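Listed below, chain by chain, are the residues.
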Amino acid sequence: MSKTPQAIRGTQDIFGAEAEAFAHVVETFERVRRLYRFRRVEMPVFEKTEVFARSLGETTDVVSKEMYSFEDRGGESLTLRPEFTAGIARAYLTDGWRQYAPLKVATHGPLFRYERPQKGRYRQFHQLDAEVIGAAEPQADVELLAMADQLLKELGIADGVTLQLNTLGDGDSREAWRAALVDYFAAHRAQLSEDSQDRLKRNPLRILDSKDPRDRAFVADAPKIDDYLSGEAQDFFGAVTTGLDAAGVAWTREPSLVRGLDYYRHTAFEFVTDRLGAQGTVIGGGRYDGLMESLGGPATPAVGWAAGIERLAMLVGERGDSVADVVVVVEDDAQFARGIEAVTALRREGLSAELVASGSPRKRFDKAVKMGVGAIASISTADGAAKISVRADDTLAARIESLLR
RNA sequence: GCGAUCGUAGCUCAGUUGGUUAGAGCGCCGGUUUGUGGUACCGGAGGUCGCGGGUUCAAACCCCGUCGAUCGCCCCA
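Residues numbered from 1 in each chain as written. Chains lettered and ligands numbered in written order. Predicted model: local features only at pLDDT ≥ 70, side-chain atom pairs only at ≥ 80, totals over all residues. Heavy atoms only, no water.

1. As for the sheet that holds strand 6 (residues 124-133)
Formally: Two strands pair under a simple rule: DSSP has to find at least two bridges between them. Put simply, DSSP marks the helices as runs of H or I at least four residues long and the strands as runs of E at least two long, and each gets a number from the N terminus on. By definition, residues are in contact when any of their heavy atoms lie within 4.5 Å. Axes here mean lines fitted to C-alpha atoms, for a helix over just the part in contact, with angles spanning 0 to 180 degrees between N-to-C directions.
The strand order across the open sheet built from 8 strands is 1-5-6-11-10-9-7-8, with neighbouring strands paired in mixed fashion. The open sheet has two edge strands, strand 1 (39-40) and strand 8 (252-253), and neither has a second partner. Note that strand 1 and strand 5 (residues 103-112) share 2 bridges and pair parallel. Looking at strand 5, one finds that Arg39 is bridged to Val105. The strands touched by helix 5 (residues 138-154) within the sheet are strand 5, strand 6, strand 7 (162-167), strand 9 (265-272), strand 10 (281-287) and strand 11 (302-308), with strand 11 carrying the most contacts at an inclination of about 15°.

Put into structure tokens, the structure is as follows:
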């Protein structure tokens, strides 16, 4: 007695209408990414653990408890990628991609994070990813955001999604702001939630988007990044916003929007919806000028975003399985070969075709009807010869009849 | 890692305060009816009630554990 093994927790077997929606998202992304001249890259699904440990920072939750890490047979510590950016950054350094800078690349595929599954969150999940590496100009941020905006529009879901935009300033601005936040929240430490008391050490910026009412009371009066921005950082952000306006991309300023990872600078953004419950971020990203150095490379400016394919697919909604252009029904088993000839001829002419030739012969036509197709060609025997009758609207029927003659 | 709700045929679900051989619809297979036809009827296959313990004369139902799902917290896209 053997039991059927279960799928791994947090993984999905995507099928039917959901799979069609998933494919639609990916196909739309591929089309849009070409319009913006982003080059397709394929990346390994796993990397040396240090690629993620060094880029994300040892103390982040992702690294400390959410990575799928293991030793290979040679004793090397490897990790299933929890995000795209670190691997792409590594490739930029190890593969000499600097010669193509500024480099615009795009990819998509599975990522892995050991988290508690819930709506829109899985242990194996899938993202679209776009990066511009080696471009310090705000124009790169604008182009990247315009691409994300067009993607949402072409998917028909832009109406329910808003672009929240913020700046974290340059490295000095960010540090000064961070220090001010720590001072401010430390003064109210006892009144903060337990989570935020902990965040004060680990990740003080995250207190700003805490959902706990005890924290929210203090967030409103917390130090604002705008008061710490250098003139240069202000100019940069101004250039991004005027660029977005010129590109017709709607945005709202969200001063409490931060990034969880330390390498982010300047632009930070999320496309957010309230239609997906707690996992409302559909695209997120920002500028990560500090990342390359953490991997031992030269200072290299870069911006990027990632989008959750499952979340986009949920917003797109079920798309329904595609139906065959023609169903060929073999009503008499003696005509089986004729049925195969028929579907072959149809498919070669670019018509999708399905063959129905099993089960109770007298119910085969009903089966075809239930498939909800536009055209049905049935093959029976009359006077010892194959008799083909086609049910479809006139032009299609004529085309099918000529193909099957 | 924490909390809440849930887990009965392939699917969607019934199953009354614990009480005989656990049901329906859809789907699947077959038969009859119809015969250019999405009809109607009949029959069939398919379930150790997620899994493992416990309480009881008796458990799908009560208790404990476990696995999984869902929705939050955390984290994050």
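2. Section: the protein's contact with RNA strand B
This is how the line gets drawn: A single heavy atom is enough: if one lies within 4 Å of a molecule or strand, its residue is considered near that molecule or strand. Polar contact is defined as a pair of N or O atoms within 3.5 Å, subject to the rule that within protein one atom must be able to donate a hydrogen and the other to accept it, and that residues adjacent in sequence are counted only when both atoms are side-chain atoms.
Among the 42 residues in the neighbourhood of RNA strand B, the closest are listed as Arg113, Arg121, Arg199, Arg362 and Phe365. Sugar plus phosphate, as a fraction of atoms of RNA strand B within 4 Å of the protein: 50%. In the environment of RNA strand B, a sugar or linking oxygen lies 3.4 Å from a nitrogen or oxygen atom belonging to the backbone of Thr281. Side-chain polar atom of Lys367 to a phosphate oxygen of RNA strand B: 3.4 Å apart, as the coordinates give it. Secondary-structure elements contributing two or more residues to the surface near RNA strand B are strand 6, helix 7 (194-202), strand 10, helix 13 (364-370) and strand 15 (385-391). Ranked by residue count, the leading element in the surface near RNA strand B is helix 13, at 4 residues.

3. Focus: the nonpolar core
Spelled out, the test is: We define a nonpolar core as any set of buried Ala, Val, Leu, Ile, Met, Phe, Trp, Tyr and Cys residues linked to one another through side-chain atoms lying within 4.5 Å. Burial status follows relative accessibility: with a 1.4 Å probe on protein chains alone, a residue under 20% of its type maximum counts as buried, one over 50% as exposed, and anything between as partly exposed.
Trp97, Trp177, Phe185 and Leu208 are the most contacted members of the largest nonpolar core, which has 47 residues in total. Here this core gets 5 residues from one element, more than from any other, and that element is helix 4 (residues 85-94). Sequence-distant contacts of Trp97, that is, excluding residues within four places in its chain, are made with Val41, Met43, Ile88, Ala91, Tyr92 and Leu103.

Bear in mind that shape data such as this cannot, by itself, settle questions of function.
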